[in-house]
Amino acid sequence: MTQAQQPLLSNKHKIKQLAELQYNFDPVAVKQNLTELFAKTAKVQLCYPFEDLDGADGLFDKALKPLFEAIPDLERRDTIMISGTTDAGKDWVGCCGYFCGTFKKAWLDIPPTGHMATMRFHEFYQFEDGKVTQFQAIWDIPELMMQAKAWPMVPSLGREWHVPGPASLDGISLTDSDPVLTNHAKNIVMDMCDALGNYATGGVEAMRRLNDYWHPRCSWYGPSGIGTARSITGFRNWHQIPFLNGLPDRVGDPHAGHAFADNNYVAFTAWPGMHMTVSGSGWLGIAPGNQKITMRSLDFWRVEGDLIRENWVLVDMLSVYDQLGVDVLARMGEFNKVRN
């Protein structure tokens, strides 16, 4: 193990310990661990409607504790856990997985189902001197609404289902990374983001290079509200074409956020990561009104050989709707107000 790898591995094991405590969710132990893990001045950002929270206490009291009260047998199940250093020299840990359990009480006014329910999460932790100084996370709240048959917005174009972990079954890495594999994967993903990010200036031609970076059998696991797309054709039909038609001037710079890699996995976070105008044909069933919006997206890619085989993407969909003037939670309340 090199001296540079020591903190990365230590950071990853600290998040693994937190994940294990949330697997057998004991609220006292979880809160204590968060308090010890997070710096007093840590910046904590969670998806809409939580937004900025007051450190570890805010994350637990405002988000995790109410979720546990609604799902009293709450379990956390991770499918990806990686660490790495960004080009700016910042150390991060990224996690992907599910909260699950019996949905017994309403949460965010989502009606309980009494059945097993799941909610996908993506989490990113920045470490400095062994403490978390920045936390960003998106919970796929629309996924839980759909399971409760309470999703009040337009149907997804892609497939809605229980998104799987990596096909290679190696998403949780608790050993040193291979620097050759790590650099190879990161270069492929960053090159792809640079090439395909030229749409606003390079036109549709920039998007025709998908075959250069994506495996023919790739899977793009989008957020609930957009859904999963299989293969390059599926990605084009169910996400790319509607996205670009409705948001033709979208701009996102992968080098302006936080990108890091661990063996064949690459992660990226920015808060927000993209800026755009809802114009063209509109998006998500919302008529175009030239609204200026930003988009939070937390991503994981798995590289296989020289191509991207899987991509897990969570977008803060409720924040997007909020910027468009649509209160999804209030609309859900109207949609379900006569429901017992």
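In this report, we go over the structure that sits alongside the text.

### Side note on the packing of aromatic side chains
For any two aromatic rings, the description comes down to two numbers: the centre-to-centre distance and the angle of the planes.
(1) Moving on: For the structure shown, the criterion picks out 16 aromatic pairs.
(2) Moving on: One aromatic cluster is present, built from ring pairs that chain together Phe-50, Phe-99, Trp-107, Phe-121 and Trp-139.

### Focus on the side chain of Asn-311
(1) Moving on: Its place among the elements puts Asn-311 in strand S14 (residues 307-315).
(2) Moving on: In terms of polar contacts, Asn-311 uses its side chain to reach the side chain of Trp-220, at 3.4 Å.
(3) Moving on: Every residue in contact with Asn-311, bar those within four places of it in the chain, is listed here: Trp-214, Ser-219, Trp-220, Tyr-221, Asp-299, Phe-300 and Trp-301.

### Things to note about the pattern of salt bridges
(1) Moving on: The full count for this structure, using the stated rule, is 14 salt bridges.
(2) Moving on: Salt-bridge contacts for Glu-304 lead to Arg-309; the nearest nitrogen and oxygen are separated by 2.7 Å.

### A closer look at unusual backbone geometry
Of all residues except glycine, most have a negative phi; of all peptide bonds, most are trans.
(1) Moving on: A cis amide bond links Tyr-48 to the next residue, Pro-49, at an omega of 10°.
(2) Moving on: Relative to the helices and strands, Pro-49 is located in the loop between strand S1 (38-46) and strand S2 (51-53).
(3) Moving on: Cis rather than trans, the peptide bond between Trp-271 and Pro-272 has omega equal to 0°.
(4) Moving on: Its location among the elements puts Pro-272 in the loop between strand S10 (265-269) and strand S11 (274-278).
(5) Moving on: At Asp-109, a position not held by glycine, the phi torsion is positive, near 70°.
(6) Moving on: Of note, Asp-109 is situated in the loop between strand S4 (91-102) and strand S5 (116-128).
(7) Moving on: Asp-109 gets classed as exposed once you look at its relative accessible area, which sits at 66%.
(8) Moving on: Unusually for a residue other than glycine, Leu-169 sits at a positive phi of about 60°.

### Side note on the pairing of S10
Note on strand geometry: in a regular strand, side chains alternate between the two faces of the sheet.
(1) Moving on: Among the five residues that make up S10, five are buried, leaving the element largely enclosed by the rest of the structure.
(2) Moving on: Residues Tyr-265, Ala-267 and Thr-269 of S10 are buried on one face, and the alternating residues Val-266 and Phe-268, pointing to the opposite face, are buried as well.
(3) Moving on: As defined by bridge partners, strand S9 (residues 258-262) adjoins S10 across five bridges and the pair is classed as antiparallel. From the neighbouring strand, Ala-261 faces S10, where its bridge partner is Val-266.
(4) Moving on: The turn joining S9 and S10, which pair antiparallel and follow one another in sequence, is formed by two residues; a positive phi near 55° is taken by Asn-263.
(5) Moving on: As judged from the four bridges shared by S10 and strand S13 (residues 297-304), these two strands associate in the antiparallel manner. Looking across to S13, one finds that Ala-267 is bridged to Phe-300.

### Some points on the sheet that holds S13
(1) Moving on: With mixed pairing, the six strands of this open sheet are ordered in space as S8-S7-S14-S13-S10-S9. Sheet topology places strand S8 (228-230) and S9 at the edges, where each strand pairs with a single neighbour. Within this sheet the neighbouring strands show an average axis-to-axis angle of 15°, counted without direction.
(2) Moving on: Summarising the sheet, strand S7 (residues 214-221) and S14 pair through four bridges and their orientation is parallel. Following the sheet pairing, Ser-219 is matched in S14 by Glu-310.

### A look at helix H8 (residues 231-246)
(1) Moving on: Here H8 spans 22 Å end to end across 16 residues, near enough to the 22 Å set by a 1.5 Å rise per residue.
(2) Moving on: Of all the bends in H8, the greatest measures close to 45° and is centred on Asn-237.
(3) Moving on: Ser-231, Ile-232, Gly-234, Phe-235, His-239, Gln-240, Phe-243, Leu-244 and Gly-246 are the residues of H8 that are buried.

### Digging into the sheet that holds S5
(1) Moving on: Sheet architecture is open: six strands sit in the order S2-S1-S6-S5-S4-S3, paired in mixed fashion. Both edges of this open sheet fall to S2 and strand S3 (75-85), since each of them pairs with a single strand only. Going from strand to strand, the sheet's axes swing by 20° on average, the running direction of each strand aside.
(2) Moving on: For S1 and strand S6 (residues 131-139), the ladder comprises five bridges, and the chain directions are parallel. In the strand pairing of S6, Gln-45 is matched with Gln-136.
(3) Moving on: Sheet strands in contact with helix H3 (residues 55-70) are S1, S2, S4, S5 and S6, and its direction is about 50° off that of S1.

Conventions used here
- Within each chain, residue numbers correspond to sequence positions counted from 1 in written order.
- Two thresholds apply to this predicted model, a pLDDT of at least 70 for residue-level local features and 80 or more for giving and counting side-chain atom pairs, whereas whole-chain, interface and lining totals are computed over all residues.
- Only hydrogens and water are set aside when side-chain values are computed; all heavy atoms of the structure are taken into account.
- Any two rings among Phe, Tyr and Trp, with Trp reduced to its six-membered ring, count as a pair given centres within 6.5 Å; such a pair is stacked if its planes are under 30 degrees apart, edge-to-face if over 60, and tilted if neither.
- A run of H or I in DSSP counts as a helix once it spans at least four residues, and a run of E counts as a strand once it spans at least two, with each numbered from the N terminus.
- We call two N or O atoms a polar contact when they sit within 3.5 Å, provided that within protein one can donate a hydrogen and the other can accept it, with sequence-adjacent residues counted only if both atoms are side-chain atoms.
- Two residues form a contact once any of their heavy atoms are found within 4.5 Å.
- Think of a salt bridge as a Lys or Arg side-chain nitrogen and an Asp or Glu carboxyl oxygen that are within 4 Å of each other.
- We call a residue buried when its accessible area falls under 20% of the maximum for its residue type, exposed when it is over 50%, and partly exposed in between, using a 1.4 Å probe and counting protein chains only.
- For two strands to be treated as a pair, DSSP must find at least two bridges joining them.
- Lines fitted to C-alpha atoms define the axes, with helix axes restricted to the stretch in contact, and inter-axis angles between N-to-C directions lie between 0 and 180 degrees.
- The span one expects for a helix is its residue count, reduced by one, times 1.5 Å.
- The bend reported for a residue corresponds to the angle between axes fitted to the seven residues ending at that residue and the seven starting there.

Shape descriptors only; they carry no functional weight alone.
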